[in-house]
Amino acid sequence: MPAHVTVLARQAVEILDAGPGRRILDGTLGYGGHSERLLEAGAEVIGVDRDPRALEAARNRLRPFGERFRAVQGNFRNAEEILAELGIDRVDGVLVDLGVSSPQLDVAERGFSFRAAGPLDMRMGEDAERLDEFLARVDDRELRRVIATYGEERWAGPIAKAIKRELPTIHDTARLAEVVGGAIPRGAWPKGIHPATRTFQGLRIAVNDELGALEDWLESLPRILAKGGRAAAISFHSLEDRMVKHAFAGLAHPCRCPPGMPVCICGSAEWRLPVRKAIVADETEVSENPRARSAKLRAVERL
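Reference entry: report on the structure contained in this document. Every value quoted in this text rests on a predicted model; they were computed, and no experiment measured them.

### What about the side chain of Arg50?
- Its place among the elements puts Arg50 in the loop between β2 (44-49) and α3 (52-62).
- For Arg50, a relative accessible area of 12% corresponds to the buried category.

Below, the structure written as structure tokens:
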């Protein structure tokens, strides 16, 4: 299995103020990289992931930490329900890493890769719709919207038409990538990346309802984060980062109560931004892990 290099691990531990006595929910456990660093700092960690294979690998990796680590299969969008089932009201920290792990991207059988033939799958967990089911269900217009909006692909129209036209011949990801590349004029192929990169990104986001899950998680923060707790999100896509930025800023908005109120009743004074700008990887981390180049870490604190 390809190795996965954890992005912004040190920064995440610092911004969450991880340490003894702190209970932290890692909503995207993956292969346990962030959770391992949080546990090493002394925190108790509840790890959640949709992917049963990643969950099992993380359990094995983090077994030495004993009862300070618990793993649960599920979607971070359901964090409130997951904590309730564990008998936990609130946590001191919440972390989500919205990227896709290297084993998911690089293993052909997962259906994420355009570099090798794999099934038309792309599911992060069994609760999602398979890619082949999605492509058969949507019409040209919806497919174009997905590729243009989530993939930020300027050739979304021709690509969507080509995919729908050639769908009977598309039986694996290699053929899908070929169809996508053929729909883009050769002179317009992006430099440095495969021509199917943006389309595959858009399809992955749609199949797994990644933005919907993020929206649900952001909306749940006031109900799952304890006073003095912090929430942090690592994003790799401009749409995700925009959602996180606006949601955190909305929570930390200056008090809107009428002048003269003895105490804040609007709730805005309960939150603050521990850092104003997104935290990004330094040159050393980027050189060691090029995928860290687009990562942005944002945080919000409940006072």
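### As for the packing of aromatic side chains
- All told, the structure shown has 2 aromatic pairs when counted by the stated rule.
- Residues Phe114 and Phe200 carry aromatic rings whose centres are separated by 5.4 Å and whose planes lie at 85° to one another, so their mutual orientation is edge-to-face. Of this pair, Phe114 sits in the loop between α5 (102-106) and α6 (131-137) while Phe200 sits in helix α10 (residues 197-207), and the two are 86 residues apart along the sequence.
- Residue class for Phe114 comes out buried when judged on its relative accessible area of 16%.
- Residue Phe200 is classed as buried on the basis of its relative accessible area of 3%.

### Structural notes on the environment of Lys245
- Considering the arrangement of structural elements, one finds Lys245 in helix α12 (residues 238-251).
- With a relative accessible area of 44%, Lys245 lands in the partly exposed category.

### Some words on the pairing of strand β1 (residues 23-26)
- Strand direction decides the pairing type here: β1 and β2, joined by 4 bridges, are parallel. Bridging across to β2, Asp26 finds its partner in Gly47.
- Note on the crossover from β1 through helix α2 (residues 33-40) to β2: the handedness is right-handed.
- Across 3 bridges, the pairing between β1 and strand β4 (residues 91-97) is parallel. In the strand pairing of β4, Ile24 is matched with Gly93.

### Some remarks on α12
- The end-to-end C-alpha separation of α12 is 20 Å, in line with the 20 Å expected for 14 residues at 1.5 Å each.
- Taken together, the buried positions of α12 are Leu239, Glu240, Asp241, Val244, Phe248 and Leu251.
- Of the surrounding elements, those touching the buried residues of α12 are α7 (140-149), α11 (210-224), β5 (225-235), β6 (271-272) and β7 (296-302).

### Description of the nonpolar core
- Ranked by size, the top nonpolar core spans 34 residues in total, and within it Leu131, Phe134, Leu143, Ile163, Leu176 and Leu203 carry the most contacts.
- Here this core spans two domains, and each of domain 1 (9-103 + 211-302) and domain 2 (129-208) adds at least three residues to it.
- In this structure Leu131 touches Leu120, Asp121, Met122, Leu176, Leu203 and Val207, once residues within four positions along its chain are discounted.
- In this structure, Leu218, Leu221, Ala231 and Val244 belong to the second largest nonpolar core, which totals 29 residues.

### Comments concerning the side chain of His34
- The residue His34 is located in helix α2 in this model.
- When sequence neighbours within four positions are dropped, the list of residues in contact with His34 reads Thr6, Val7, Leu8, Ala9, Ala12, Asp26, Leu95, Asp97 and Ile234.

Calculation criteria
- Within any chain, residue numbers begin from 1 and follow the written order of that chain's sequence.
- Given that this is a predicted model, residues contribute local features only at a pLDDT of at least 70 and side-chain atom pairs are listed and counted only at 80 or more, while totals for whole chains, interfaces and linings are drawn from all residues.
- Note that the side-chain values use all heavy atoms of the structure and ignore hydrogens as well as water.
- Labels follow the DSSP assignment, with helices taken as runs of H or I lasting at least four residues and strands as runs of E lasting at least two, numbered in each case from the N terminus.
- Three labels apply to residues, based on accessible area from a 1.4 Å probe with only protein chains included: buried if under 20% of the type maximum, exposed if over 50%, partly exposed otherwise in between.
- Two rings from Phe, Tyr or Trp (for Trp, the six-membered ring) form a pair when their centres sit within 6.5 Å of each other. Planes less than 30 degrees apart are called stacked, planes more than 60 degrees apart edge-to-face, and all others tilted.
- Being paired, for any two strands, means DSSP has found at least two bridges between them.
- Here a crossover is taken to be right-handed if, once the strands point away from the viewer, the path from the first strand over the helix to the second is traced clockwise.
- One less than the residue count of a helix, multiplied by 1.5 Å, gives the span that helix is expected to have.
- Any two residues whose heavy atoms approach within 4.5 Å are treated as being in contact.
- By nonpolar core is meant a set of buried Ala, Val, Leu, Ile, Met, Phe, Trp, Tyr and Cys residues that side-chain atoms within 4.5 Å join together.
- Delimitation of the domains relies on an automatic or database domain assignment.

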